[in-house]
Structures are given as C-alpha cells and as structure tokens.
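Breakdown of the fold
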Amino acid sequence: MRTALCICLIFTFGTALEAAECDTTRTTEPAVQIGFWCTQPWVDFYWDAYDFDKGDWDDGFGWHAACDLRKPLARTFQAIQLVNYASPNEATNTGDFSGNFLRWAGNYTIREIDELDARCGNGSSRAYTKWGPIIDNYTNLYIPFFYNENVVERAGTLVHEARHADWCGHNGNDGSNKCSARSNSCDEKYRDGCGGFGSPSGRGAVGYQILWLWWYAFEADAQHSNTTMKDFARDEANRLLNTMLDVDPCFNITSSGAKIITC
Ligand SMILES: [Zn+2]
C-alpha cells in the first residue's frame, strides 16, 4: 500500500487565480467546433468520467459553452477526444486496457486523474497534479495548457498528468548528469522516471507522454489526425526526448512514428 504524500510540480509552482483574473478567451479560434465530442451525451459522459465541477469551470472557463473552442473547457474536451479516440482500434469500454498505449491511454487518464480543474496559474505552468492519501487529489490545468499548446500537446499533457496522478513523481534533473532543460519536470531515463517514496517504478510522466505521442504519430486514425497534427506529435516527442531526460535515449521519431537513432 502506498502511503507517501507526494506533490509534483510541472514547470513551476503557480498561484491559483480565479478566471476573472486572467484572459480566458481567444478570439482567433472558431467559436464553435462541430464534432461528436460537443454533443450533450458525450459532454455528460466525460464530465463525470474526469469529475469536472461547475465551480471549477465557470467564471469564464467555458462552463456555459462546452463547444466554444475560444474557451478552456472546449479546448480540454478536444484534447480528451484525442486521448480517447485516436486509436484506429478504439477501446470498447473504460475498463478495456488491452492492446497498445494509444488504445488505452484514455482509460488510463480516466482511471488515474481524480478531478480536472481549470485555473489561471502563474502564466508559465501548464498543469499541476496533487496526490497522496487523506489530502484532496486533483489536476489543475492552467492558461498555457489551454492556449499555448496545440491539441496534440494538450492530449500529451493529460497523459503526463495522469502518470503523476498514479503517484509517480519526476526523478530527473539531479546529480552530475542533469537534463538539458534543467527542469524539475525531467525524468532520469525514458523507461525510468518515477520518484518519491511509495511511487511505482518504471516509465515516468515524461516517458508516458513520449510513448503516447509516438503511438499517435505511428497510427492515429484519419478522423483524429492529419499530417500537421502528426508533425505536432513528432516535434513534441522529440523535444521531450532531447531535453527532458537526464540520460539521452539516443533516438528521435519521425512524423510517421519511425525511430531515428541519434547517438
Ligand atoms: Zn510532470
């Protein structure tokens, strides 16, 4: 039984501000997305699956307009759709963890994330997950998640935070071999990235994020990807591979998910 109280920060710690204190609308986006994810049954299902609460998503974050891509809520649903449906062989229910990671990553995020909350943040943090016994567990999503990340990056961030919610903290940027990003969000190795007493072992948050992006580039279906989106996945995966691991994994990926040996 894991009893440690762990707190993980992605990028830097930020003070939660109410939506009224930050800009929660982007007018460069289309006002409304037409897609199955913004139909009422789908919104209702994922609202419950990720334990959204009205009090965390009103005041400008989009509670009144779940399909409006100028608002944080719709931009979160858009990323949730990718995480849950990009596989050409979609999971059959939320308990289905068979097949590759692209197929069950959505179920992993649903199982591990305790609740998804929108906050202003400090302007640089994308997200923050708090976990442990007794204390309230939650994942906060901040303005840079909503507006500085494209939808593929947002999906990867949800996978990253889900790994933290599984009580896996970062174990990199330490010793004499720090990651090139010099960030506390670094992991030690691609397959060794969890830290903190009571944490699981194995692939960490950065590794999970890379793995999802890699599978997405390799085989995401045409309804949930295009060449631009696969380029996004390649670029984000390679950024993580090249800067967020203490030990260079010595590979990059192409936009079709091929592996390139780099050292
Ligand atoms: Zn992290």
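Okay, so let's go over this structure.

Cut-off values and rules
Residues numbered from 1 in each chain as written. Predicted model: local features only at pLDDT ≥ 70, side-chain atom pairs only at ≥ 80, totals over all residues. Heavy atoms only, no water. Donors = N, O, S within 2.8 Å, 3.2 Å for Na, K, Ca; no water. Helix = DSSP H or I, 4+ residues; strand = E, 2+ residues; numbered from the N terminus. Buried < 20%, exposed > 50% of the residue type's maximum accessible area, 1.4 Å probe, protein only. Disulfide = S-S within 2.5 Å. Axes fitted to C-alpha atoms, helices over the stretch in contact; angles between N-to-C directions. Parallel < 35°, antiparallel > 145°, perpendicular 65-115°, else oblique. Left-handed = near helix turned anticlockwise from the far one by under 90°. Contact = heavy atoms within 4.5 Å. Nonpolar A, V, L, I, M, F, W, Y, C, P; charged D, E, K, R; others polar.

This next bit is on the coordination of the zinc ion. For the zinc ion, the full set of protein donor atoms is H160 (NE2), H164 (NE2) and H170 (NE2), at a range of 2.0 to 2.1 Å. Between the donor residues of the zinc ion, the gaps in sequence give the motif H-x3-H-x5-H. Note that H160 and H164 are positioned in helix α6 (residues 151–165) at a spacing of four residues, about one turn of the helix. Take H160: its relative accessible area is 3%, and that puts it in the buried class.

Quick look at the state of the cysteines now. If you walk through the whole model with that rule in mind, you get four disulfides. A sulfur-sulfur distance of 2.0 Å marks the disulfide that ties C22 to C120. When the S-S torsion is -80 degrees, as for the bridge of C22 with C120, the disulfide is left-handed. With C22 in the loop between β1 (6–9) and α1 (40–49) and C120 in the loop between β2 (116–118) and β3 (127–131), the pair connects residues that are 98 residues apart, well separated along the chain. Using a relative accessible area of 21% as the deciding quantity, one classes C22 as partly exposed. The side chain of C179 participates in a disulfide bridge whose partner is C186; the two sulfur atoms lie 2.1 Å from each other. Residues C179 and C186 share a disulfide whose torsion about the S-S bond is about 85 degrees; that sign makes it right-handed. Each member of the pair C179 and C186 is classed as buried. When the cysteines of the chain that form disulfides are numbered from the N-terminus onward, they connect as 1-2, 3-6, 4-5, 7-8.

Where helix α4 (residues 101–112) meets helix α7 (residues 205–219), the closest approach of the two axes is 9 Å, and the angle between their N-to-C directions is 130 degrees. Looking at the two axes, α4 sits oblique to α7. Seen along the crossing, α4 lies across α7 with a hand that is left-handed. Residue-level inspection shows F101, L102, A105 and Y108 of α4 in contact with α7, the latter providing Y208, L211, W212, W215, Y216 and E219. Among the residues making up the contact of α4 with α7, the classes are represented as nine nonpolar, no polar and one charged.

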